[in-house]
Amino acid sequence: MLNDQMRNIVQQMPKAELHIHIEGSLEPELIFALAQRNGVSLAYASVEELRAAYAFSDLQSFLDIYYAGASVLLKEQDFYDMTMAYLVRSHADNVRHAEIFFDPQTHTARGVPFDTMINGIWRACQDGPISATLIMCFLRHLSEDDAIATLEEALPFRDKIIGVGLDSSERGHPPEKFARVFERCRQLGLRLVAHAGEEGPPAYIETALDVLNVERIDHGVRCLEDPELTARLAREQIALTVCPLSNVKLRVFGEMEEHNLVTLLEAGLVATVNSDDPAYFGGYMNDNFVAVFDALPLTVAHARQLARNSFTAAFLEPEAKRAFLAEVDQFFAGAGASPGVAI
Ligand SMILES: Nc1ncnc2[nH]cnc12
Ligand SMILES: [Zn+2]
């Protein structure tokens, strides 16, 4: 069980979030408010009915509801309001910096112009209370040609995007399907990440690294099935953006007590804790930290490592990274807890 001292530490420590789908931060209350504002009809009669539908059996069962929820986003102000709500909520969890995923194809396929979407999200990032940058994700259930067309649409907004990622239905859509578009993105100087090893096999983590040349793996928890791959991830210090509440909700692990976060950290991997789709999976950053520290034998030393990892793995300028890491070290120097203390 989590004691008060440990709860305070994980809640108050400075942290970065590196795996958040902005469309997954759309709370049922905001879905209903935007539906009313835009005259969109929903398949659910109330906020409670919608929330009750959030019982998922796997990734696909979640994605179906997640894409339906995003259908209320039509105007620039809608994207702004969604993003600002996330930034304000994360600030309360002592998130100092967020690298935010967005899924353009989910919106452009419904006729929402690319500029409407990105301008709303971007403007909120400029106005919000924390540092925030944007990673554009390609939907892997669609074709590579569709991803290439999306990249073309994004080029006028190149300065607003730090990187690209790969998300949506993993099984049957291996990273190598997107080799050409990722190579183009690399040439453009974009930072590269991909979801791999969430539901898909460890081989997808390998091809994300070797074919797509990604710098971080989103999820990646299935790497432990392959000891050689695990050793490589440790050796090359490839960060994993782990999402504990998501993993339990989508049944990657039966219960939080079965989560492999401790093993990942003990194997020397640069694991981080993130929320993925907080409105759908039962919580934001601190909810994820409290859940894992409550269920697993994690120590103050692990908390410090997770906070440090989040900034080490971030796509920040060296000076900003150093300043955030110094803030973490200062926090733990004053936390009054000795690093080896188990909770
Ligand atoms: N956990 C997840 N995996 C793949 N695609 C996603 N899109 C939003 N959340 C996702
Ligand atoms: Zn994700």
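Just so we're clear, the structure is a prediction, and the values are computed from it rather than from any experiment.

Q: Explain the packing of aromatic side chains here, please?
A: Two aromatic rings, taken as a pair, are described by how far apart their centres are and by the angle between their planes. Across all of its chains, the model carries 14 aromatic pairs by this definition. Here the aromatic rings of F114 and F157 are separated by 5.5 Å at their centres, their planes lie at 25°, and the arrangement is stacked. Of the two residues, F114 is situated in helix α7 (residues 114-127) and F157 in the loop between α8 (144-154) and β4 (163-167); the sequence distance between them amounts to 43 residues. Per residue, the accessibility class of F114 equals that of F157, and both read buried. Taken together, the aromatic side chains of Y54, F56, F62, Y66, Y67, Y280 and F281 make up a single cluster linked through ring pairs. Geometry around F315 places R216 over its ring, the cationic atom sitting 4.0 Å from the centre.

Q: Would you take a moment to explain the coordination of the zinc ion (ligand 2) for this structure?
A: Coordination angles at a metal have ideal targets, namely 109.5 degrees for four tetrahedral donors and 90 or 180 degrees for six octahedral donors. Binding of the zinc ion (ligand 2) to the protein goes through H19 (NE2), H21 (NE2), H195 (NE2) and D276 (OD), at separations of 2.0 to 2.3 Å. Donor residues for the zinc ion (ligand 2), ordered by position in the chain, follow H-x1-H-x173-H-x80-D. Taken together, the residues span a long stretch of sequence, with H195 in strand β5 (residues 191-196) and D276 in the loop between β8 (270-273) and α14 (278-281) at a distance of 81 residues.

Q: Help me understand the site of ligand 1, please; the structure alone is not making it clear to me.
A: Every residue close to ligand 1 is listed here: H21, L59, F62, L63, Y66, D167, S168, H195, E198, H219, D276 and D277. In this structure, H21 approaches ligand 1 through a side-chain N or O atom, which is 3.4 Å from a nitrogen atom. About the coverage of ligand 1: the protein hides 100% of its 260 Å² of free accessible area. Assessed atom by atom at 2 Å from the grid points, ligand 1 resides in the largest cavity. Sorting elements by how many residues they give to the shell around ligand 1 places helix α4 (residues 59-69) first, with four residues. Classifying every residue of the shell around ligand 1 gives four nonpolar, four polar and four charged.

Q: Looking at this structure, how should I read the side chain of H21?
A: When you line up the elements, H21 lands in strand β1 (residues 15-21). Leaving out residues up to four positions away in the same chain, H21 has contacts with Y66, F101, D103, D167, H195, D276 and D277.

Q: Teacher, can you tell me more about the nonpolar core here?
A: When a protein is soluble and globular, its nonpolar side chains tend to lie buried together. Residues I100, F138, F182, Y280 and F293 are the most contacted members of the largest nonpolar core, which totals 115 residues. If you tally residues by element for this core, the top one is helix α15 (residues 285-295), at seven residues. With residues near it in sequence (within four places) discarded, F182 still touches F138, V164, G165, L166, L192, V193, L212 and V214. Grouped together as the second largest cluster of nonpolar side chains are five residues, F101, C137, V193 and F315 included.

Q: Hey, could you run me through the environment of A45 in this one?
A: You can see A45 is positioned in the loop between α2 (28-38) and α3 (47-52). Along the backbone, A45 and M285 are 240 residues apart, and their C-alpha atoms lie at a distance of 29 Å.

Q: Please clarify how unusual backbone geometry should be interpreted in this entry.
A: Leaving glycine out, the prevailing phi sign among residues is negative, and the prevailing peptide bond configuration is trans. If you check the backbone angles, S168 has positive phi at about 80° while not being a glycine. The class for S168 is buried, based on a relative accessible area of 7%. The backbone of Q237 shows a phi angle near 50°, a positive value even though the residue is not glycine. One can find Q237 in the loop between α11 (227-235) and β7 (239-242). In this structure Q237 comes out as partly exposed when scored by relative accessible area, which is 47%.

Q: Any chance you could explain helix α9 (residues 179-187) here in plain terms?
A: Within an α-helix, residues lying three or four positions from one another point in the same direction, as the helix has 3.6 residues per turn. Among the residues making up α9, those that are buried are V181, F182 and C185. An end-on view of α9 places all buried positions within 100° of arc, on one side of the element. Projecting away from the buried face of α9 at angles above 90 degrees are the exposed residues R180 and Q187. Structurally, α9 contributes buried residues whose contacts are with β3 (131-139), α8, β4 and β5.

Q: So what exactly am I meant to see when it comes to the UniProt feature "binding site: substrate" (unreviewed entry) in the protein chain here?
A: UniProt records the feature "binding site: substrate" (unreviewed entry) at D277, using the numbering of this structure. Tracing the chain through its elements places D277 in the loop between β8 and α14. D277 sits in the buried class, given a relative accessible area of 2%. Ignoring any residue separated from it by four or fewer positions in sequence, one finds D277 in contact with H21, G24, F62 and Y66.

What counts as what
Going along each chain's sequence as written, the residues are numbered from 1 onward. Just so you know, chain letters begin at A and ligand numbers begin at 1, following the order they were written in. The predicted nature of this model means local features are confined to residues of pLDDT at least 70 and side-chain atom pairs, given and counted, to a pLDDT of 80 or more, with totals for whole chains, interfaces and linings taken over all residues. Side-chain measures were taken over the full set of non-hydrogen atoms in the model, leaving aside hydrogen atoms and water. For Phe, Tyr and Trp, rings pair up if their centres lie within 6.5 Å, where Trp contributes its six-membered ring, and each pair is then called stacked (planes under 30 degrees apart), edge-to-face (over 60) or tilted (otherwise). Only DSSP runs of H or I covering at least 4 residues are called helices, and only runs of E covering at least 2 are called strands; the numbering of each starts at the N terminus. A simple rule labels every residue: compare its accessible area, found with a 1.4 Å probe on the protein chains alone, to the largest value its type can have, and call it buried under 20%, exposed over 50%, or partly exposed in between. The criterion is that NZ of a Lys, or CZ of an Arg, lies within 6 Å of the ring centre and within 35 degrees of the ring normal, and then a charge sits over that ring. Listed donors are limited to N, O and S atoms within 2.8 Å of the metal, widened to 3.2 Å for Na, K and Ca; water is not among them, so incomplete-looking sites are possible. Any residue with at least one heavy atom within 4 Å of a molecule or strand is counted as near it. Nitrogen and oxygen atoms within 3.5 Å of one another constitute a polar contact, given that in protein one can donate a hydrogen and the other can accept it, and given that sequence-neighbouring residues count only through two side-chain atoms. All accessible-area figures derive from a Shrake-Rupley calculation using a 1.4 Å probe, and residue coverage is judged against the displayed protein chains alone. Whether a set of points on the 1 Å grid over the protein atoms alone is a cavity depends on a 1.4 Å probe fitting there but being unable to get out, while an open set qualifies as a pocket with protein on both sides within 12 Å along at least five of seven lines; lining residues are those with an atom within 4 Å of a point. Each molecule is assigned to a cavity or pocket provided more than half of its atoms lie within 2 Å of the corresponding grid points. Throughout this entry, Asp, Glu, Lys and Arg are counted as charged residues, while Ala, Val, Leu, Ile, Met, Phe, Trp, Tyr, Cys and Pro are counted as nonpolar. The remaining residues, Gly among them, count as polar. Should any heavy atoms of two residues lie within 4.5 Å, those residues are counted as being in contact. For our purposes a nonpolar core is just a set of buried Ala, Val, Leu, Ile, Met, Phe, Trp, Tyr and Cys residues, chained together by side-chain atoms within 4.5 Å. Arc definition: it is the arc formed by the directions from the helix axis to the C-beta atoms. UniProt positions are given in the numbering used here, feature names are shortened, and annotations may be inferred rather than shown by experiment.

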